[in-house]
Amino acid sequence: MPAAGKRVATIGFGAMARSLRASLAADEAMPAIGAALVPPGKVAAAPAGPDDVAFFPEVDALLAWRPELVVECASHQAVATVLPTVLRRGVDCVIVSIGALGDAAVRAEIEESARAGGARAVIASGAIGGLDVLRAAAAAGLDHVVYTGRKPPHAWLGSPAGERFDLAALRSETIIFEGDARAAAALYPKNANVTAAVALAGIGFERTRVTLVADPAIGRNIHELEAAGAFGSFRIRLENAPLPDNPKTSWLAALSIVQAIRSHFSSIR
Ligand SMILES: NC(=O)C1=CN([C@@H]2O[C@H](COP(=O)(O)OP(=O)(O)OC[C@H]3O[C@@H](n4cnc5c(N)ncnc54)[C@H](O)[C@@H]3O)[C@@H](O)[C@H]2O)C=CC1
Ligand SMILES: O=C([O-])CC(=O)C(=O)O
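Residues numbered from 1 in each chain as written. Chains lettered and ligands numbered in written order. Predicted model: local features only at pLDDT ≥ 70, side-chain atom pairs only at ≥ 80, totals over all residues. Heavy atoms only, no water.

Visitor: Just checking my understanding: could you explain the confidence of the model for the protein for this structure?
Guide: Residues shown with low pLDDT carry predicted positions that ought not to be read at fine detail. Per-chain confidence: the protein averages 95 in pLDDT, with 96% of residues scoring 70 or above. Reported for the predicted complex are a pTM of 0.96 and an ipTM of 0.99. (pLDDT = per-residue confidence, 0-100.)

What follows is the structure, given as structure tokens:
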């Protein structure tokens, strides 16, 4: 099925959605972002966005636009409060604020809404890789899954790390969090969605060990993932370029949505 011409909307129109829009616009085989749900205060009086992206303040208005696919690139709150409505109305979704699924009630509601609407919620791979390995290897049993995330200090501004450390004054790498993926995803909703993706693909939120580091020596978002089990073992390291508009977010996360959209409209996946 050709993807070009399909009606794709986003929830949120921040750094990731804008990057996604630019990537799609550069590929004529891909659809454009035609509409976006944005917080009510951010909608101009006339709902017309850049290059004909229609901005809507209410989910019902977005759904009246008749999207064939809705891409969430907004917040945990949007996953919890907006996506159930979209799914119940039978519209497939891509989720990027995956950490929201660390809340068992939110996850159950997403599953139930998708079932009720006959729709599908797809989890984007986001800023991490190796999820295919984890998923396959988990079938034979995993002994451990360990994730370490490193970002420059300014990428942790606005997170709990900013309350515990003078981030601007850090001169050496500093561990800002150690614990499991459930706590990481909940405490760092703008930085640790990858831990939820890893947990869901592998051995769950409690058994996935997480270390988060603020490192003044780096300019990229570095993700390291290590797993071992009956299948053998693997280790992966990504050094992701951040988006210019948001140093917390890796460009790869936006690119993973391009891939999710391509896959959604493909006959062969
Ligand atoms: N899975 C992954 O690997 C990654 C996930 N993320 C997550 O993706 C999301 C988007 O990231 P960015 O675009 O960089 O963030 P951003 O902060 O630049 O943009 C998010 C936008 O969504 C809007 N928004 C939030 N809640 C909304 C709602 N309920 N309805 C409508 N609009 C809403 C905000 O006002 C903001 O404009 C964030 O939740 C982020 O944590 C980010 C990086 C990697
Ligand atoms: O984009 C990244 O490098 C990771 C990130 O923010 C997240 O997982 O929420």
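More follows now that the structure is in view.
Visitor: Sorry, what's going on with the site of ligand 2 here?
Guide: All residues in the neighbourhood of ligand 2 are listed as Ala127, Lys151, Lys190, Asn191, Ala192, Asn193, Val194, Asn221, His223, Lys248, Thr249 and Ser250. Taking Lys190, its main chain carries an N or O atom lying 3.3 Å from an oxygen atom of ligand 2. Between an oxygen atom of ligand 2 and a main-chain N or O atom of Asn191, the distance comes to 3.3 Å. Protein chains bury 94% of the 270 Å² of accessible surface belonging to ligand 2 in isolation. Of all the secondary-structure elements, those providing two or more residues to the shell around ligand 2 are helix H9 (193–201), strand E10 (221–229) and strand E13 (246–250). Looking at the shell around ligand 2, the element that brings in the most residues is E13, giving three residues. (Near = heavy atom within 4 Å. Polar contact = N/O pair within 3.5 Å; in protein donor to acceptor, adjacent residues only side chain to side chain. Areas by Shrake-Rupley, 256 points an atom, 1.4 Å probe, with all protein chains shown as cover. Helix = DSSP H or I, 4+ residues; strand = E, 2+ residues; numbered from the N terminus.)

Visitor: Sorry, what's going on with the UniProt feature "domain: Aspartate dehydrogenase" (unreviewed entry) in the protein here?
Guide: The positions UniProt marks with the feature "domain: Aspartate dehydrogenase" (unreviewed entry) are residues 171–258. In residues 171–258, the share of helix is 32% and the share of strand is 44%. The end C-alpha atoms are 37 Å apart. (UniProt positions renumbered as here; feature names shortened; annotations may be inferred.)

Visitor: Would you mind going over the packing of helix H6 (residues 131–138) against H9 with me for this structure?
Guide: In a pair of packed helices, the angle between the axes and the distance between the axes together describe the arrangement. Contact geometry for H6 and H9: axes closest at 8 Å, N-to-C directions at 30°. Accordingly, the angle class assigned to the pair H6 and H9 is roughly parallel. Residue-level inspection shows Leu131, Leu134, Arg135 and Ala138 of H6 in contact with H9, the latter providing Ala197, Val198 and Ala201. Grouping the constituent residues of the contact of H6 with H9 by class yields six nonpolar, no polar and one charged. (Axes fitted to C-alpha atoms, helices over the stretch in contact; angles between N-to-C directions. Parallel < 35°, antiparallel > 145°, perpendicular 65-115°, else oblique. Contact = heavy atoms within 4.5 Å. Nonpolar A, V, L, I, M, F, W, Y, C, P; charged D, E, K, R; others polar.)

Visitor: Looking at this structure, I do not really get the packing of helix H1 (residues 15–25) against helix H11 (residues 251–264). What am I missing?
Guide: Contact geometry of H1 with H11 gives a least axis separation of 9 Å together with a crossing angle of 55°. By the angle class used here, H1 and H11 are oblique. Considering the relative orientation of H1 and H11, their crossing is right-handed. Judged by residue contacts, Met16, Ser19, Leu20, Ser23 and Leu24 of H1 engage Trp251, Ala253, Ala254, Leu255, Ile257, Val258 and Ile261 from H11. Looking at the contact of H1 with H11 residue by residue, the class counts come to 10 nonpolar, two polar and no charged. (Left-handed = near helix turned anticlockwise from the far one by under 90°.)

Visitor: Which parts of the structure should I look at to understand the sheet that holds strand E2 (residues 33–37)?
Guide: Sheet strands associate in pairs through backbone hydrogen bonding, adopting either a parallel or an antiparallel arrangement. Taken together, the six strands give an open sheet; going across it, the order is E3-E2-E1-E4-E5-E6, and neighbouring strands pair in parallel fashion. Every interior strand has two partners, whereas the edge strands, strand E3 (54–56) and strand E6 (121–123), have only one. Neighbouring strand axes in the sheet, compared pairwise and without regard to direction, differ in orientation by 25° on average. Both E2 and E3 contribute to a ladder of three bridges, which runs parallel. Bridge pairing in E3 links Ala36 to Phe55. Against the sheet, H1 touches strand E1 (8–11), E2 and strand E4 (69–72), its axis set at about 170° to E2. Along the sheet, H11 makes contact with E1, E4 and strand E5 (92–95), crossing E4 at roughly 160°. (Pairing = 2+ DSSP bridges.)

Visitor: Explanation requested: the sheet that holds strand E8 (residues 174–180) in the structure shown.
Guide: Judged by pairing direction, the sheet is mixed, and its five strands sit side by side in the order E8-E9-E7-E10-E11 without closing on themselves. The open sheet has two edge strands, E8 and strand E11 (232–240), and neither has a second partner. On average, each strand axis in the sheet is inclined to that of its neighbour by 10°, with strand direction left out of account. Of the strand pairs in this sheet, strand E7 (residues 142–151) and strand E9 (residues 208–214) are connected by seven bridges, and their pairing is parallel. Of the residues in E9, the one forming a bridge with Val146 is Arg209. Relative to the sheet, H6 contacts E7, E10 and E11, its axis offset from that of E7 by approximately 165°.

Visitor: How should I be thinking about the packing of aromatic side chains in this particular structure?
Guide: Both the distance between ring centres and the angle between the ring planes are used here to describe each pair of aromatic rings. Evaluated as defined, the whole model comprises three aromatic pairs. Grouped by ring-pair contacts, the aromatic residues Trp156, Phe177 and Tyr188 constitute a single cluster. Across from the ring centre of Trp65, 4.2 Å away, lies the NZ or CZ of Arg7, which sits over that ring. Here the basic side chain of Lys151 rests over the ring of Trp156, its NZ or CZ set 5.8 Å away from the ring centre. (Phe/Tyr/Trp six-rings, centres within 6.5 Å; stacked < 30°, edge-to-face > 60°. Lys NZ or Arg CZ within 6 Å of the ring centre and 35° of its normal.)

Visitor: Looking at this structure, how should I read the site of ligand 1?
Guide: Close to ligand 1 lie 25 residues; Met16, Val96, Ser97, Ala127 and Thr249 are nearest. Here Met16 contributes a backbone N or O atom positioned 2.8 Å from an oxygen atom of ligand 1. Between ligand 1 and the protein, one listed contact pairs an oxygen atom with a side-chain N or O atom of Thr249 at 2.7 Å. Calculation on ligand 1 without its partners gives an accessible area of 860 Å², and the protein chains cover 85% of this total. Those elements that place two or more of their residues in the shell around ligand 1 are H1, helix H3 (76–81), H9 and E13. Classifying every residue of the shell around ligand 1 by side-chain character gives 14 nonpolar, nine polar and two charged.

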